[in-house]
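Remarks on the overall topology
Listed here are the chains, written in short residue letters.
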Amino acid sequence: MPVPLFDTRTPLEPLRAALHAKLAETLDGGRYILGPEVAAFEAELAAYLGARHTIGVANGTDALVLALRALGAGPGVDVVLPSLTFYASAEAVALTGARPVFCDVDPATFCVTPDSVQAALTPATRIVMAVHLFGNVAPVQELEALGVAVLEDAAQAAGSRAADGRHAGTLGVASTFSFFPSKNLGAFGDAGAVATRDDALAETVRMLRFHGSRDKETFELIGHNSRLDELQAALLRLLLPHLDGWNDGRRAAARAYADAGLGEHVTLPEPAGDPAWHLYVIRHPRADALAVALKGQGIGTKAYYRVPLHRQPAMAPYADGRDLPGTEEAARTHLAIPMSPVLGPEQAAEVVAAVRDADLG
Ligand SMILES: *Cc1c(COP(=O)(O)O)cnc(C)c1O
């Protein structure tokens, strides 16, 4: 039996009737922009996370741009962030006029470390963007001890928790989420949110998402048009109560891989905190050959970040020539293998058998 890289459909099947009813209700309600569903989703997401404020925006990239601007990112400001992440993390920094400064990651966790961030700090560094990559939780508390504001890119970490139990996305001064359909909490199109413990920051992000205005009459800032759609919010409200259950399914799948002996053939991902396993990413010296062998057995895999950001063409102006050995190691050897809330022990055993049969040493 083939095993897909992810399965976003099966977990939604039991909710199909409720989603359709909610869609019809929202269409008939006639409020499509910043109505009651957005307000309710913001309150429910804040309660779920344990966040003081959440602000719904159009997507996870805009969430980063708005949060960065509210934190003061702009010309003359350096923002330290990992090179091993989705392009949007660095793109958002450059869009504000600030300079992305790339730091290394620990290839075992795929996340930044206090040492790797410290090595990249410049006199102009005001913000560190901690990316919770693949669902692992970056060490935000230790980064704050370096005396910089920490913005969490929690796009891949909805439902992940730090070792002390706090949710990813409530650890730094502000955080961002993406509800792109394949994320752990996925909408039916683009959607995102900013969370923050800071009242003034929340107010600025609220203004920035609506053209820099509080009252829609006076325009105080050059802002954006970046609202979370009422339709997406209405549907996300139905999904949110299921997020923890889905993530428990992901955690069980991760345990099933380990129990089936996957670690005898590849390097398993090292959990940082209590990850919600957005992706399950192993390392192997011959990752591309492994991908080809698994594809032959009908097993989906993907190398997400073979070319890290400091070597992407658009980031050439920001590549400062420093070596990022942990990044290069992770970029060369990582491979995402199937992960979803409904990946059971039989499928995990099938994947492990195929990895063993690939016999790449
Ligand atoms: C998905 C993602 C984003 C961007 O989110 P969009 O909703 O697609 O704009 C940003 N950062 C990371 C790490 C992501 O995985």
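Residues numbered from 1 in each chain as written. Predicted model: local features only at pLDDT ≥ 70, side-chain atom pairs only at ≥ 80, totals over all residues. Heavy atoms only, no water.

1. Some points on the overall build of the protein
- Helix and strand content of the protein: 12 helices and 9 strands.
- At 20 Å, the protein has a C-alpha radius of gyration in line with the 21 Å of a compact globule built from 361 residues.
- When its C-alpha atoms are laid out on the principal axes, the protein stretches across 65 × 55 × 35 Å.
- The 361 residues of the protein split such that 55% are buried.
- A sequence separation of at least 24 residues applies to 68% of the contacts in the protein between residues at least 6 apart.
- Here the protein displays about 14,800 Å² of accessible surface, and carbon together with sulfur accounts for 54% of that area. (Helix = DSSP H or I, 4+ residues; strand = E, 2+ residues; numbered from the N terminus. Rg over C-alpha atoms; globule rule 2.2 N^0.38 Å. Buried < 20%, exposed > 50% of the residue type's maximum accessible area, 1.4 Å probe, protein only. Contact = heavy atoms within 4.5 Å. Areas by Shrake-Rupley, 256 points an atom, 1.4 Å probe, with all protein chains shown as cover.)

2. Details of the domain arrangement of the protein
- Partitioning the protein into domains gives domain 1 (10-241) and domain 2 (244-358).
- Its C-alpha centre places domain 1 at a distance of 24 Å from the equivalent point of domain 2.
- Across the interface of domain 1 and domain 2, roughly 3,500 Å² is buried in total on both sides, 61% from carbon and sulfur atoms.
- Area buried by domain 1 at its contact with domain 2 is led by Phe102, Phe134 and Asn184, which between them contribute 20% of it.
- At the junction of domain 1 and domain 2, the tally comes to 0 salt bridges.
- Here domain 1 is connected to domain 2 by 21 residue pairs in polar contact (both at pLDDT 80 or more). (Domains from an automatic or database assignment. Buried area = accessible area lost by both parts, 1.4 Å probe. Salt bridge = Lys/Arg side-chain N within 4 Å of Asp/Glu carboxyl O. Polar contact = N/O pair within 3.5 Å; in protein donor to acceptor, adjacent residues only side chain to side chain.)

3. With respect to the environment of alanine 40
- Inspection of the secondary structure assignment puts alanine 40 in helix 2 (residues 36-49).
- Expressed as a C-alpha distance, the spacing of alanine 40 and leucine 27, which sit 13 residues apart in the sequence, is 17 Å.

4. Side note on helix 10 (residues 287-296)
- Considered for burial, the residues of helix 10 that qualify are Ala287, Leu290, Ala291 and Leu294. Buried residues of helix 10 fall within an arc of 105 degrees about the axis and therefore sit on the same side. Residues of helix 10 that are exposed and point more than 90 degrees away from the buried face comprise Val292 and Gly296.
- As for helix 10, its buried residues are in contact with strand 8 (280-283), helix 11 (325-333), strand 9 (334-337) and helix 12 (345-358).
- Downstream of helix 10 by one or two residues, glycine 298 has phi in the positive range, about 80 degrees. (Arc of directions from axis to C-beta.)

5. What to know about empty space enclosed by the protein
- Enumeration according to the criterion identifies 1 cavity of 30 Å³ or more in this entry.
- Lining the largest cavity are Thr109, Phe110, Leu133, Phe134, Asn136, Pro269, Pro275, Trp277, Leu279 and Val281.
- By residue class, the composition of the lining of the largest cavity is 8 nonpolar, 2 polar and no charged.
- Both domains that meet at the lining of the largest cavity, namely domain 1 (10-241) and domain 2 (244-358), each give it at least three residues. (1 Å grid on protein atoms, 1.4 Å probe; cavity = no way out; pocket = protein on both sides within 12 Å on 5 of 7 lines; lining within 4 Å. Points joined across faces, edges and corners; volume = space filled by probe spheres on them. Nonpolar A, V, L, I, M, F, W, Y, C, P; charged D, E, K, R; others polar.)

6. Thoughts on the sheet that holds strand 7 (residues 192-196)
- Taken in spatial order, the 7 strands line up as 1-7-6-5-4-2-3 in an open sheet, and their pairing is mixed. Only two strands of the sheet have a single partner each, and these edge strands are strand 1 (53-57) and strand 3 (99-103). In this sheet, neighbouring strand axes are inclined to one another by 25 degrees on average, regardless of whether the strands run parallel or antiparallel.
- Taken together, the 5 bridges between strand 2 (residues 78-82) and strand 3 define a ladder with parallel strand orientation. Residue pairing for strand 3: valine 80 is matched across the bridge by valine 101.
- Along the sheet face, helix 4 (residues 87-95) touches strand 2, strand 3, strand 4 (125-131) and strand 5 (149-153) and points at about 150 degrees away from the line of strand 3. (Pairing = 2+ DSSP bridges. Axes fitted to C-alpha atoms, helices over the stretch in contact; angles between N-to-C directions.)

7. Comments concerning unusual backbone geometry
- One non-glycine residue with positive phi stands out, namely leucine 34, at about 45 degrees.
- Examined against the element boundaries, leucine 34 turns out to sit in the loop between helix 1 (16-29) and helix 2.
- With a phi angle near 60 degrees, phenylalanine 134 is a residue other than glycine that sits in the positive phi range.
- Here phenylalanine 134 is to be found in the loop between strand 4 and helix 6 (140-144).

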